[in-house]
Amino acid sequence: MSPGTRLAAEVQNSALIVDTHADTPQRFVDEQFDLADPLNGGQLNLDSIHLGNLGAEFFSIWVEPTRFKGQYARRTLELIDSVQRQVAKHPDQMVLVVTPEGIEGAHRAHRFAALMGIEGGHSIENSLALLRQYFALGVRYMTLTWSNSNDWADSSGDIDDTVVPHTQDGLTEFGKDVVHEMNRLGMMVDISHVSDRTFYRALAVSRAPVIASHSSARALCNHLRNMSDDMLCAVAKSGGPHSKGGVVQVNFFSGFVSQAYCDALEALKPKVDQAVAALEEKATAEGRELTYAEKQKVRRGYADTIPRPPLSLLIDHIDHIAKVAGVDHVGLGSDFDGVGGQLPEGIDSAADLPKITQALLDRAYSDEDCRKILGGNLLRVFYEVEAVSREL
Ligand SMILES: [Zn+2]
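Residues numbered from 1 in each chain as written. Predicted model: local features only at pLDDT ≥ 70, side-chain atom pairs only at ≥ 80, totals over all residues. Heavy atoms only, no water.

To continue, consider the pairing of strand β8 (residues 247-250). Residues of β8 alternate between two faces, with Val 247 and Gln 249 on one and Val 248 and Val 250 on the opposite face, all of them buried. Sheet topology note: the strand β7 (residues 211-212)/β8 ladder contains 2 bridges and is parallel. Of the residues in β8, the one forming a bridge with Ala 212 is Val 248. Note that the unit made of β7, helix α9 (residues 229-237) and β8 has a crossover that is right-handed. Sheet analysis places β8 next to strand β9 (residues 330-332), joined by 3 bridges and oriented parallel. By the bridge assignment, Val 248 is partnered in β9 with Val 330. (Buried < 20%, exposed > 50% of the residue type's maximum accessible area, 1.4 Å probe, protein only. Helix = DSSP H or I, 4+ residues; strand = E, 2+ residues; numbered from the N terminus. Pairing = 2+ DSSP bridges. Right-handed = clockwise from strand over helix to strand, strands pointing away.)

The following block contains the structure:
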C-alpha cells in the first residue's frame, strides 16, 4: 500500500460523505427493490453504501410528469412512503433524518442517514399546503422544476419549446411565494434543472443560500442542465451578504461530464426515442404502462455503445467549480439510479466513492478540503438554511 493510498483511506473513512441525489425510490416502488438486495443493475444498495462509507443520501422523490398526470400528489406520497418503509425495514443500518444534526448523529451511531428531496415543483400541484405537508413528512429540498416547466417556474428541459407555456420572468408571484415558504420552513431551495432565468430569479428571491443537488459545469460540458461560471459564482454568493453561500453538487452522469459523450448521446436521441415509443406502444397494447426502469433499460442499451469517459473528467468538474466558485461551494450529487447511461469509468456504484477521494488527494487537495467536498459543504448550507428558517 503506497502512502497515498493510506492517506486516501484515512480521509475517506473519517469523512462524513453526503450525496444529494439518488433516484432509487423509483426502484423501491416499481421493482419492489430492497436496499439489502444485490445491485442487480443499480448503483445504490446497503453493501455499496458501506463499502463507499456513504454517510447520508438524499433520495429523490421524482414524479414522472406525463405518466402520473393528475396523480402528482399520490405518486409523491408513494415515493415518500417507499423511503420510510426502507428505513423501517433496516433500523439496525439506517435512519430517516431531517436535520443536519441528524446526519451527524447517525454518522456517530454508525447508521446510514436517509433523507428526501423532491425533484420537480409540479409535485406540490400549485399548493403551499402540499409543500408544507411534504416538509412535515421529511422532505428537505425541492428542485423548483424537473425537466418540465410548471405553472410557476421554468425548466432548462423545455425552455426552448415554444409550445410549452413559460413564465414572464422565470418565477411567477406564486413561484416567489413557494421560495419564501421553503425558506420559512427550512427546506433547501434546489436550482438543478431550472432555466437560467428561473435560476437568477430564485437566487434574487431566496433569503437562504441555495443548492444545486445534481448539476455540473457548463464550461466543461456545454449542456443546459449544467451551470455557467457566472451561475457557479452566484450560488457561492447566494443567501445575501451575511451568508456563507450555497453549494453545487456535481452530477456524475457521463452526458453532463463529457462533451464527447453528451454529443454522442444527442446523436442517438432519435433512435432512442423511437425505441422507447415502440416499447410504449407494445405495453399499451398489453394494457399496462411502461415503468421508468424499463425505459431506462432501453436508454442504457443505446448509451452503452458510447465509450465511458475517464474518471478524471468527473474530477475536472469538481476542480473547476472549486476554482471558479471556491472549495467551500462544491460537493457530490451522483444521480445514482437516475441516469439513462453510464457513469464515468470506475464509478459503477456508491462503493466506488473512495476513488473520488483518492483522485482529489492526487490533485493535492488537502484532507480538510476533501472532507468539505465529500459532505462538509452541504452540511454547512443545511445548517444555515435551518438558521434562516428560525429567523423567519
Ligand atoms: Zn434530475
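To continue, consider the packing of helix α14 (residues 353-362) against helix α15 (residues 367-391). Two numbers describe how α14 lies on α15: the axes approach to 10 Å, and their chain directions differ by 140°. Classified by the angle their axes make, α14 and α15 are oblique. Note on packing geometry: the crossing formed by α14 with α15 is right-handed. Only Asp 367, Cys 370, Ile 373 and Leu 374 of α15 make contact with α14, whose side of the interface consists of Thr 357, Leu 360 and Leu 361. Tallied by class, the residues present in the contact of α14 with α15 amount to 5 nonpolar, 1 polar and 1 charged. (Axes fitted to C-alpha atoms, helices over the stretch in contact; angles between N-to-C directions. Parallel < 35°, antiparallel > 145°, perpendicular 65-115°, else oblique. Left-handed = near helix turned anticlockwise from the far one by under 90°. Contact = heavy atoms within 4.5 Å. Nonpolar A, V, L, I, M, F, W, Y, C, P; charged D, E, K, R; others polar.)

Time to look at the pattern of salt bridges. Inspection of the entire model under this criterion finds 20 salt bridges. Glu 286 is the partner of Arg 288 in a salt bridge, and the nearest nitrogen-oxygen pair spans 3.1 Å. For Lys 355, the salt bridge identified is with Asp 352, shortest N-O distance 3.2 Å. We classify Lys 355 as partly exposed; its relative accessible area is 37%. The exposure class of Asp 352 is buried, given its relative accessible area of 13%. Each of Lys 282, Glu 286, Arg 288 and Glu 294 takes part in a single network of salt bridges with overlapping partners. (Salt bridge = Lys/Arg side-chain N within 4 Å of Asp/Glu carboxyl O.)

This part is about helix α7 (residues 173-185). In this model, α7 (13 residues) spans 18 Å end to end at C-alpha, consistent with the 18 Å of a helix rising 1.5 Å per residue. Taken together, the buried residues of α7 touch α6 (128-136), β5 (139-143), β6 (188-190), α8 (196-205) and α15. Once α7 ends, the next one or two residues include Gly 186, with phi positive near 95°. (Expected span 1.5 Å × (residues − 1).)

For the rest of this paragraph, the subject is the side chain of Ser 192. If you trace the backbone, Ser 192 turns up in the loop between β6 and α8. Overall, the relative accessible area of 0% leaves Ser 192 in the buried class. Reaching out from Ser 192, the side chain makes a polar contact with the backbone nitrogen of Ser 213 at a distance of 3.1 Å. (Polar contact = N/O pair within 3.5 Å; in protein donor to acceptor, adjacent residues only side chain to side chain.)

Another point: the environment of Glu 384. Its location among the elements puts Glu 384 in helix α15. For Glu 384, a relative accessible area of 16% translates into the label buried. Apart from the residues within four sequence positions on either side, Glu 384 is in contact with Pro 209, Ser 243, Lys 244 and Gly 245.

Once that is clear, we can look at the nonpolar core. One finds Leu 144, Ile 191 and Ile 356 to be the most contacted residues of the largest nonpolar core, which totals 95 residues. Grouped together as the second largest cluster of nonpolar side chains are 20 residues, Leu 16, Phe 58, Ile 103 and Met 188 included. (Core = buried A, V, L, I, M, F, W, Y, C linked by side-chain atoms within 4.5 Å.)

Take unusual backbone geometry next. Here Gln 32, not a glycine, exhibits a phi torsion of approximately 50°, which is positive. The backbone phi angle of Asp 337 is positive, close to 65°, even though this residue is not glycine. By the secondary structure assignment, Asp 337 is in the loop between β9 and α14. With relative accessibility at 12%, the residue Asp 337 sits in the buried group.

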